[in-house]
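Spelled out, the chains give:
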Amino acid sequence: MSREGVAFFMLQQYKNILVPVDGSKATQPVLEKAIEVAKRNQTHLDILNVLEVNQFSDTYGGAVSGDVIYKLSQDVQDRLESLKQQAINAGVPDVSIHVRFGNPKPVIAREFPADHGSELIVIGSTGLTAVERLMVGSVTNYVSRSAICDVLIVKPELTK
């Protein structure tokens, strides 16, 4: 995206920004961009992680217990608390964290924004490997086509 395109997102007045995170190495630059946009808009920031429980039951033949899923959700909650504190320390006073269960594509593109009034989704260009994108499809691609609000896609920095 050109500087002019980024400037549009910085100048547009958004009241509620969603940043979905997945724990990949793309999380940090995406969160930093969301923090930047939220500060410029003086707005609320929602940090969301979507746990796709079906991937565990399919992978492990249904052998994943409720205790394992509970522990995983607690670990995610702890990580989100850390990201929330990072946003607050950077100057975003109004930050909420959320853990949802389900398919990340519709949750991020439609369900969460509808439930929380999100006006902008700040998402990484990819959190998956090339093979994973071929198998399950890019969440970002789906969100950019299906979202009920504006979407800002953050590309990873290229090494020089």
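First things first, this report covers the structure right here in the doc.

Reading guide: rules and limits
Residues numbered from 1 in each chain as written. Predicted model: local features only at pLDDT ≥ 70, side-chain atom pairs only at ≥ 80, totals over all residues. Heavy atoms only, no water. Salt bridge = Lys/Arg side-chain N within 4 Å of Asp/Glu carboxyl O. Helix = DSSP H or I, 4+ residues; strand = E, 2+ residues; numbered from the N terminus. Buried < 20%, exposed > 50% of the residue type's maximum accessible area, 1.4 Å probe, protein only. Expected span 1.5 Å × (residues − 1). Polar contact = N/O pair within 3.5 Å; in protein donor to acceptor, adjacent residues only side chain to side chain. Contact = heavy atoms within 4.5 Å. Pairing = 2+ DSSP bridges. Axes fitted to C-alpha atoms, helices over the stretch in contact; angles between N-to-C directions.

Section: the pattern of salt bridges
The tally for this structure, following the rule as stated, stands at 4 salt bridges. Lysine 71 is the salt-bridge partner of aspartate 75, the closest N and O atoms lying 2.9 Å from each other. Here the residue aspartate 75 and the residue lysine 71 both occupy positions in helix H4 (residues 66-89), the gap between them amounting to 4 residues, near one helical turn. A relative accessible area of 37% places aspartate 75 in the partly exposed class. It is possible to trace a salt-bridge network through shared partners that takes in Lys33, Glu36 and Arg40.

Quick notes on helix H2 (residues 27-41)
Over its 15 residues, H2 runs 21 Å from end to end, which matches the ideal 21 Å to within 8%, given 1.5 Å per residue. Looking one or two residues beyond H2, the residue adopting positive phi is glutamine 42, at roughly 50°.

Some details on the side chain of aspartate 46
Along the chain, aspartate 46 falls in strand E2 (residues 44-51). Polar contacts involving the side chain of aspartate 46 include one to the side chain of histidine 44, which spans 2.8 Å. When residues no more than four places from it in sequence are discounted, the contact partners of aspartate 46 are Asn16, Ile17, Leu18, Val19, Ser96, His98, Phe112 and His116.

Some remarks on the sheet that holds strand E5 (residues 150-154)
Adjacent strands of a sheet form backbone hydrogen bonds with each other and so pair up, either parallel or antiparallel. The strand order across the open sheet formed by 5 strands is E3-E2-E1-E4-E5, and the pairing between neighbours is parallel. Two strands in the sheet have a free side with no partner beyond their single neighbour: strand E3 (95-101) and E5. For this sheet, the mean inter-axis angle between neighbouring strands, taken without regard to orientation, is 25°. When strand E1 (residues 16-20) meets E2, the two strands line up parallel, connected through 5 bridges. Paired with valine 19 across the two strands is isoleucine 47, which belongs to E2. Running over the sheet, helix H5 (residues 104-116) touches E1, E2, E3 and strand E4 (120-124) and is turned about 145° from E2. The strands that helix H7 (residues 139-146) touches are E4 and E5; relative to E4, the one it contacts most, it runs at about 160°.

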